[in-house]
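# A closer look at the structure
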Amino acid sequence: MRRVITCALLMLVGPLAASAHAALDTVPSTANLWVDTDGGTCSRSGSPTSYSNAAACTPNAALSAASGGDTVLIKGGSYGLLSLTASAPGSVVKFFGASGETVNAAGLSILDTGNVSVQGIDQLTDSIEVKRSNHVWVKDTYTKLGATNYPGIFAMCADDLHFEHNEVEGDYVLNQYGDGIQIFPDDTSSGCHSDGVTVDHAYVHDLHDYDPLADNHSDGIQVGDAHGLTIKNSRFNNCSTQCVFINDDGWAVPASITDVVLENNMVGIAQTGTNAMNLGGATNYTLRNNSVQQNSYYAPSVARGTFTATGNIINFWENYGCFVFYGWGLGLFGSLDVEALGFKLH
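Criteria and thresholds
- Residues numbered from 1 in each chain as written.
- Predicted model: local features only at pLDDT ≥ 70, side-chain atom pairs only at ≥ 80, totals over all residues.
- Heavy atoms only, no water.
- 1 Å grid on protein atoms, 1.4 Å probe; cavity = no way out; pocket = protein on both sides within 12 Å on 5 of 7 lines; lining within 4 Å.
- Points joined across faces, edges and corners; volume = space filled by probe spheres on them.
- Helix = DSSP H or I, 4+ residues; strand = E, 2+ residues; numbered from the N terminus.
- Nonpolar A, V, L, I, M, F, W, Y, C, P; charged D, E, K, R; others polar.
- Buried < 20%, exposed > 50% of the residue type's maximum accessible area, 1.4 Å probe, protein only.
- Contact = heavy atoms within 4.5 Å.
- Salt bridge = Lys/Arg side-chain N within 4 Å of Asp/Glu carboxyl O.
- Disulfide = S-S within 2.5 Å.

## What to know about empty space enclosed by the protein
Per the counting criterion, the structure on display carries two cavities of 30 Å³ or more. The calculated volume of the largest cavity comes to roughly 50 Å³. Sorting elements by how many residues they give to the lining of the largest cavity places strand 4 (residues 77–84) first, with three residues. Of the residues that constitute the lining of the largest cavity, the class distribution is eight nonpolar, one polar and no charged. Lining the second largest cavity are F236, V244, L262, N265, V267, M277 and N290.

Shown next as structure tokens:
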């Protein structure tokens, strides 16, 4: 029996099926610790209390003073880099932007720590970075990229990492040299990986197009290292060369990607690139219920393991692109009628 794959020419109108997603935490009105722009004695209250200017903390002092399970509220204001590097508490400490207040910051850096959740930064003008840290949640942030060499969100050697409900917006005029989201290999010789990474409800859009004179490019999300990667319920549109690029090929060993799940995502257009979604070196891909407005490419020469694709709508420009993507991915070469190929355009 001939196996038939449908290659659909459809506009990107929305997700195809419901997918379980993480909800944002309710922002409390009191906290064990408070952060403000100038800090104070950084006094921890055993039970959540209202803001006191004298007892307020800087961000890292609050993490250092916190006990596992504590809540930290960040007062509205304009901050420089929000840096969290203190030793990891025994269980998760949750930082929230205070309800009804606007928290702006130059960036957010979570380094060499863990058991931290940060939610509700209204605007960042530089990267969110998570490096060498475990059990980390970053939620409900907005990053506006200008002329920068850095991505909107960056992760390296981070285990049990959750990016949820974060937006990254580029700039059509000012060049960006980083991607919307990057999950990259170790930059030292430690050999660590990012194990268990989830990107849920990301919205990455309107990145600067490729400029050959500046040699810049901005992918929506680029992954070079992750073990157990899930990208779901997310939107990537108006990227530079690619919107979704997953590939460990070309990186120095031990960079590797394994067990990739792409589920219920909406992938729009890459302005200069040919393929909005480019799946390269990785072991085991699962694609479920994604809609892709522009071509997708699967690289059989570097991909490994299994390729499972169900319920996806991909706007291929022609039959051959569909044939390459699904034919290689599902191992159908040699099994199809040469004349008809078993593929149909709608």
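There is more to say after this.
## Some points on the environment of S83
Tracing the sequence through the fold places S83 in strand 4. S83 sits in the partly exposed class, given a relative accessible area of 25%. Sequence separation of S83 and E129 is 46 residues, and the distance between their C-alpha atoms is 9.7 Å. Setting aside its immediate chain neighbours within four residues, S83 contacts P59, N60 and S109.

## Quick word on the pattern of salt bridges
Summed over all chains, the structure comprises 10 salt bridges. Of the charged contacts, one joins E164 and K139 as a salt bridge, the two residues approaching to 3.8 Å between their closest N and O atoms. Linking E164 in strand 11 (residues 159–164) with K139 in strand 9 (residues 134–144), this pair joins segments that are 25 residues apart in sequence. You'll find E164 and K139 in the same group, each marked buried. Where salt bridges share partners, they join D25, K94, K139 and E164 into one cluster.

## What to know about the state of the cysteines
This model, assessed by the stated rule, comprises three disulfides. A sulfur-sulfur separation of 2.2 Å characterises the disulfide bridge that pairs C239 with C243. A torsion of 105° about the S-S bond marks the disulfide between C239 and C243 as right-handed. When its relative accessible area of 0% is taken as the criterion, C239 is described as buried.

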